[in-house]
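Spelled out, the chains give:
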Amino acid sequence: MKCIHIFKMAKSVCINSIYILSWILTILFLGSCNDSSNKEISFNRDVRPILNSKCLRCHGGVKANGEFSLLFEEDAFGKTQSGKPAIVRGNHEKSELYRRLVSKDPEIRMPFESPQLSQEEIDILAKWIDQGAKWEKHWAYIPPKESIVPPVVVDSGWAKNPIDQFVFSKLKEKGLSPSVRADKNTLLRRLYLDLTGLPPTIEQANAFLEDNSSDAYEKLVDELLGSPHFGERWASMWLDLARYADSKGFEKDTNREIWKFRDWVIAAFNKDMPFDQFSIEQLAGDMLPEPTEEQLIATAFHRNTLANDEGGTDNEEFRVASVVDRVSTTYEVWQGTTMACVQCHSHPYDPFRHKEFYESMAFFNNAVDDDSYFEKPKLFTYSKENKKDVEELLEYINGHLLPKDAQVSKSRFLYDQKEALLTHLGYRFTEAEAFDKTSPFIELDGGLNFLWQIQDSSWASYNNVDLRKVNKMGFLVSASLDYAGDISIHLDSLNGRKIGEVRIGSTEGSKREENGLKVKEFIVDIPEITGKHDVFLQFHKGESYVAHLFYLDKIFYYEKEPLMAKYDKKIKQKLEQLAQIPTTSTPIIQELQEDKARKTFVFDRGSWLNLTEEVNMGIPNIYGISETEEPNNRLEFAQWMVSGKNPLSARVVVNRFWEQIFGRGLVESMEEFGSQGKNPSHPELLDWMAVKLMKEYKWRVKPLLRDLVLSATYRQSSNSHPEIIKLDPANNWLSRGSRKRLSAEQIRDEILLVSGLLNKTIGGPSAINADVEIAGGWNTLPEYVIQGDDAMYRRSIYTFWKRVNPPMNMIVFDSPDRSACVSSRVLTNTPLQALSLLNDKTFFEASQELAKQMFEADKQLENQIKFGYFKVMGKNIKEEKLMQLTQLYNDALLHYVNNMDSSEFPEVALEYSGKNKSRLAALTMVANVFLNLDEFIVKG
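The rules behind each value
Residues numbered from 1 in each chain as written. Predicted model: local features only at pLDDT ≥ 70, side-chain atom pairs only at ≥ 80, totals over all residues. Heavy atoms only, no water. Patch = residues over 30% accessible without salt bridge, like charges linked within 9 Å, V, L, I, M, F, W, Y side chains within 5 Å. Areas by Shrake-Rupley, 256 points an atom, 1.4 Å probe, with all protein chains shown as cover. Salt bridge = Lys/Arg side-chain N within 4 Å of Asp/Glu carboxyl O. Lys, Arg positive; Asp, Glu negative; His and termini not counted. Charge placed at Lys NZ, Arg CZ, Asp CG, Glu CD. Helix = DSSP H or I, 4+ residues; strand = E, 2+ residues; numbered from the N terminus. Axes fitted to C-alpha atoms, helices over the stretch in contact; angles between N-to-C directions. Parallel < 35°, antiparallel > 145°, perpendicular 65-115°, else oblique. Left-handed = near helix turned anticlockwise from the far one by under 90°. Contact = heavy atoms within 4.5 Å. Nonpolar A, V, L, I, M, F, W, Y, C, P; charged D, E, K, R; others polar. Pairing = 2+ DSSP bridges.

The chain has the name DUF1549 domain-containing protein in an unreviewed UniProt entry, where Arenibacter arenosicollis is given as its organism.

What follows is the structure, encoded as structure tokens:
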């Protein structure tokens, strides 16, 4: 009985337990159902992706069918064409949006003539509406929080700095672990390439590898951050953004002297100019109080736009095109935002209205430049040597003037001081190519030194010329016809008062020569004129009607009683010397005077010919800046761009440098932080670094880069297990070190360095190397370029860059042609790249130089190969690779020995005789292979 009682009790307890368990499960189930139905729907996370992919093509920025747009909050909840809102907050059943999504009528159901939304997508939109249809700004337009702190992680001492805490936390979240630390040799090469763009030399490699101190790595980082080659490496990245080139683009692609801007960028990175200052000087350096020459040169950032010198083109059309490009480029570089499409219509996916593009354009629309040949305005500067000569001549001439003849005021810039003195003493001339306006078809010669294609009835004008003391005008001309034509001089318009005319004859017998042409001056008297006038020169045919009558080089203005006439011939000689000292000209940005300011209008569908409403300067509403706080000029716009009120600039710049170091941005879409771009892989890390850049680093880049390369994340090996690669195939979560093919510039530069050919001179005019092809005509080389042996092996950043015909080995390795701003190069892997490395003239020459050094380093083949490999890779060669390269050498040697008379030997081998000739040839093949190795052209 006792057993039965116990059994009954146990049964009762068991049944009760089942009832209780069932009750608990029921409650949990109902609770889970309740939680599911009440789950907070996020507009950014859940709703926006559906709208972007399924709805915005008909109800966005380009089109708003039914007067309903889901791009802007006020439009989404406003009245539609029917007079009613499409979304009724809190009630999806009363919302026309929902009704259209579930309608069975194909004429009513949305998306129209497209697949229906999935039930899950419809449920998300219904719940979002029921929960109040809360609208959210896209994450990029919400300022980064200053309160973010690195997560606390248990990492067994792996983390080196806070960056690693963010990375380690994400790795754990994804079920991953960090990779082991890379070996010392790999870190050495990685660090050199990342910070200077050059590999280490043998001496530098040995110094680091033999340094066993605990802070050896940190010391190397600081040394490389202080290297003068640091600026060259990072300027290369910036020049892609600035669309820097030595030519203007389009059909003629004429030369543009703007290399001073490139040198300014290099110097700015080297001295670690704060990025906010770096930005302001490029966008509005001319508007700073008493800007320096360097600050004016910085504004050439926006003079890198294309210019069309083809005869018959409309200068205003291409001026407008340049201004439009400046708006798009500014937003891409500093905001990671694609604004180009907003020129024609509101943004398809992001909250930028069509009108707002032109409000931003108004900041740039008052620049003086106008697509003219001469590219006014320009800043004229002198080389160090010429600067000294100018200063000495100015001192001499001013020192010999009578006190009453001395200049009252002195300009800040040396060129202006020179010009003022020449004008003051009556030594006046202007370059003919410095015209303000011309008739169609007048052009410049290939060297941009002469007015060319002067035809019957064509003309050129020069603004605001002071003629008060002038009684003669001279024209320096080159002509081949006995009677080439006439030049008539008019005031203020072609139909204005005619004040003189001069006949132009042949200059073939002249002893004077300018830029390869024989020239002669033709002088004409003019009557007494009061005040300043626009001077119009009209050209007329002579003995025959030809397409080109003569070249015009300079225009002289002779005063009746010039001040210099009071002084001896030596003063005049000094003035002539002063006038002839060559300058470097740099196109710059300058603001129009207030009385000449342009009005800005919205272009209907982006056409500059179809103007609609006038707009004032302003920034897009998405940034949340009140009208009273909006910038009022270009300087204030630039300052806002890098202020704490701008949510994007710091994020974008951090992302750019992160991508250069780690091979992939935290936001992968470098040029697109908008809703169509990729979401950040580590959003808290991005925002934390953006705040740190602004607040702690004060916008300085070197401390940011120092933190990146000192992190344990950076020091990971790029080798990994298949399981990890499967979980993190693109290395989004930073589970291993980055593997990325080097840029075109880095490949060429490291080949030159390891071969001993590299010329490490920093700065100066662009250089002509074997990869620059000049076809002639307007593609002639300008006088200022560096040629010859000094130029041949300069770093790639100094290569003379023609947009229409850029250096081919740069393009093969994915360099852009620099016609437009490029945020990130798309890397390819093609057979042409291997062929270029094997056969490019410069690269093969480098192989020969390297082979010669290997040959002279040791008598034993094995040691020669070991020496060459260490010189190239900064580490010792593995036995298997040594055996393969030895076999290659033996095969090549056998070929050359058996074909002594018929084979083409490398030039370096011809310096030797007998067996050494074949040995050098075979060793060249080995060296050539070194420069083709994957590990050589890839940063691992």
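Together, Glu385, Asp389, Glu391, Glu392 and Glu395 make up a region of like negative charge exposed at the surface. By the element assignment, aspartate 389 lies in helix H16 (residues 384-399).

It is worth spelling out the packing of helix H10 (residues 230-241) against helix H11 (residues 259-270) at this point. Direction vectors running N to C along H10 and H11 enclose 125°, while the axes themselves pass 8 Å from each other. Classified by the interaxial angle, the pair formed by H10 and H11 is oblique. Crossing hand, H10 versus H11: right-handed. Together, Phe230, Gly231, Glu232, Trp234, Ala235, Trp238 and Leu239 of H10 and Phe261, Arg262, Val265, Ile266, Phe269 and Asn270 of H11 make up the contact between the two elements. Looking at the contact of H10 with H11, its residues break down into nine nonpolar, two polar and two charged.

Okay, the sheet that holds strand S3 (residues 437-438) next. Ordered in space as S3-S6-S13-S8-S9, the five strands form an open sheet in which the pairing is antiparallel. With partners counted over all chains shown, the strands left at the sheet margins are S3 and strand S9 (498-505), one partner each. Where strand S8 (residues 483-491) meets strand S13 (residues 532-541), seven bridges bridge the pair, whose relative direction is antiparallel. Its bridge partner being in S13, serine 488 is matched across the sheet by glutamine 538.

Another point: the packing of helix H20 (residues 649-662) against helix H21 (residues 683-695). Between H20 and H21, whose axes approach to 8 Å, the crossing angle comes to 105°. Compared by their axis directions, H20 and H21 come out roughly perpendicular. Here Ala650, Arg651, Val653, Val654, Asn655 and Trp658 of H20 lie close against H21, whose contacting residues are Leu685, Leu686, Asp687, Met689, Ala690, Leu693 and Met694. Residue composition of the contact of H20 with H21, grouped by class: ten nonpolar, one polar and two charged.

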